[in-house]
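Understanding the architecture of this molecule
If you want the building blocks of each chain, they are given just below.
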Amino acid sequence: MDDKSFTIRVSKRWARIALIVAVAALIAAPLTAIASHSFNDVPSNHTFHDDISWLADAGVTKGCNPPANTEFCPEDNVTRGQMGAFIRRFAQYIGAEDGTPAQADNAARLGGKTLNQIMTLEANHVVGTSGQPSFGNGGQNDCRWTNPPSSAGLLAEANPTSFYKDPFGIVHLAGVPVANDGPGGDGICDSGTDASDLRIFQLPAGYRPQNLEVFTSGNTDIQLNLVIPNGGVTVGGEPLPGGTVLVLNISGGNATTLDGITFRAAGAGSSAQDAPEFDSLQELLDFFDS
Ligand SMILES: [Ca+2]
């Protein structure tokens, strides 16, 4: 016997074994599938075979001959006790044993919160009220930011200067803050050399953007509203802390518009620029004037 014939003989033998295994698998497969959730007294051609299989899959029924439970007894009557077990097991199957299937379902699908909790907006944070950010005062009380006074006609009906974050992490600003000259410092609201007169208020942590946000003001003298990124920026050597809401240009008596301003709060998924540094806000002004 040479090597070649030996090899062929071995191959044939293995081929025969493989064939037997394959045939056995073909025969066993449907038996296995049926056996998992079928009862001896519920053949696959039984009118309610699929329904009874579903009941078994869902754990609603276990069988009628414990502990073997190889039969379902499809023609037997159901006792009140058995009905109790069926109903309770079904409630358990849909996660509603506590009687609140909709909430249980939502909680599982929406990160442990109900739809109602997710869609409820937080209350407005009103600038200048207790526990909320205060209005800027120019640093030396030379530039006092407020809401429009009652003498401001229609603008007195505007939203108070305020903000909130929606359930999707978008921050919304509102209001028409007004700057007025104050008695301290140099006594006038002006853009000057420092940025302190430009500050309206500062957003708290969690409400600040990842990058500088730039919005058009409804007041052409002010030109732009800016929101300083979470990490802060340096303008002309002066640090502006993260979350500062300010204007590009100011003179006493001017108002700007925050209604409709939205931006994404910094956090996971936000893309960050390098920490910005400007020689002055005049750079921005020049860019938009050019
Ligand atoms: Ca000033």
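It should be noted that the structure appears before, not after, this text.
Residues numbered from 1 in each chain as written. Predicted model: local features only at pLDDT ≥ 70, side-chain atom pairs only at ≥ 80, totals over all residues. Heavy atoms only, no water.

1. Focus: the pattern of salt bridges
Test applied: Note on definitions: salt bridges are taken to be side-chain nitrogens of Lys or Arg within 4 Å of carboxyl oxygens of Asp or Glu. Here a strand is any run of E in DSSP of at least two residues, a helix any run of H or I of at least four, and the numbering for each starts at the N terminus. With a 1.4 Å probe rolled over the protein chains alone, any residue whose accessible area is under 20% of its type maximum counts as buried; one over 50% counts as exposed, and the rest are partly exposed.
Overall, the coordinates contain one salt bridge when judged by the stated rule. In this structure, Glu-238 engages Arg-199 in a salt bridge whose closest nitrogen and oxygen atoms are separated by 3.2 Å. Placement of the pair is Glu-238 in strand S10 (residues 238–240) and Arg-199 in strand S6 (residues 199–202), with a sequence separation of 39 residues. The exposure class assigned to Arg-199 is partly exposed, which follows from its relative accessible area of 26%.

2. Structural notes on the coordination of the calcium ion
Here is the rule we go by: For Na, K and Ca the donor cut-off is 3.2 Å, and for all other metals it is 2.8 Å, counting N, O and S atoms only; because water is absent from this set, sites may look incomplete. Key to geometry: four donors with every angle between 85 and 135 degrees are tetrahedral; four donors are square planar and six octahedral where opposite donors lie over 155 degrees apart and all remaining angles lie between 65 and 115; all other sites are irregular.
Bound to the calcium ion on the protein side are Asp-142 (OD), Asp-186 (OD), Asp-186 (OD), Ile-188 (O), Asp-190 (OD) and Asp-197 (OD), at distances that span 2.3 to 2.9 Å. If you look at the calcium ion, its six donor atoms make angles of 47 to 165° with each other, and the shape they trace is irregular. For the calcium ion, the single-chain donor residues occur in sequence as D-x43-D-x1-I-x1-D-x6-D. In this pair, Asp-142 sits in the loop between strand S1 (125–126) and strand S2 (143–146) while Asp-197 sits in the loop between strand S5 (178–181) and S6, placing the two residues 55 residues apart along the sequence. This pair shows no difference in class: Asp-142 is buried, exactly as Asp-197 is.

3. Comments concerning the environment of His-172
The line we're drawing: Whether two residues are in contact is decided by their heavy atoms, any of which lying within 4.5 Å being enough. Two N or O atoms form a polar contact when they lie within 3.5 Å of each other; inside protein one atom must be a possible hydrogen donor and the other a possible acceptor, and for residues adjacent in sequence the pair counts only when both atoms belong to side chains.
Along the chain, the position of His-172 falls in strand S4 (residues 170–174). Each C-alpha atom, one on His-172 and one on Thr-262, is 4.5 Å from the other, the two residues being 90 residues apart in sequence. Non-local contacts of His-172, meaning those with residues more than four positions away in its chain, are made with Ser-162, Phe-163, Tyr-164, Asp-166, Ile-261 and Thr-262. Among the polar contacts made by the side chain of His-172, one reaches the side chain of Asp-166 at a distance of 2.9 Å.

4. Quick word on the state of the cysteines
Definition in use: In this description, a disulfide is simply a cysteine sulfur pair whose atoms lie within 2.5 Å.
Inspection of every chain in the model, using the stated rule, returns two disulfides. For Cys-143, the disulfide goes to Cys-189, at an S-S distance of 2.2 Å. An S-S torsion of about 105° defines the bridge between Cys-143 and Cys-189 as right-handed. Residue Cys-143 is found in strand S2, and its partner Cys-189 is found in the loop between S5 and S6; the two are separated by 46 residues along the sequence. Owing to a relative accessible area of 0%, Cys-143 belongs among the buried residues under this scheme. The exposure class of Cys-189 is buried, given its relative accessible area of 4%. Regarding the disulfides, the protein carries the connectivity 1-2, 3-4 under sequence-order numbering of its bonded cysteines.

5. Points about helix H3 (residues 80–93)
Put simply, the rule is: Multiply 1.5 Å by the residue count of a helix minus one, and that product is the helix's expected span.
Helix length check: H3 (14 residues) gives 20 Å between terminal C-alpha atoms against 20 Å at 1.5 Å per residue, within 8%. Immediately downstream of H3, the backbone of Gly-95 shows phi near 65°, a positive value.

6. Some thoughts on the sheet that holds strand S3 (residues 162–165)
The test is simple: Any two strands between which DSSP finds at least two bridges are classified as paired.
The strand order S1-S3-S4-S12 describes an open sheet built from four strands, whose pairing is antiparallel. Bordering the open sheet on either side are S1 and strand S12 (262–264), each of which pairs with just one other strand. One ladder, built from three bridges, connects S4 with S12; its direction is antiparallel. Note on S12: the bridge partner recorded for Ile-170 is Arg-264.

Function cannot be inferred from these measures alone, as they are strictly geometric.
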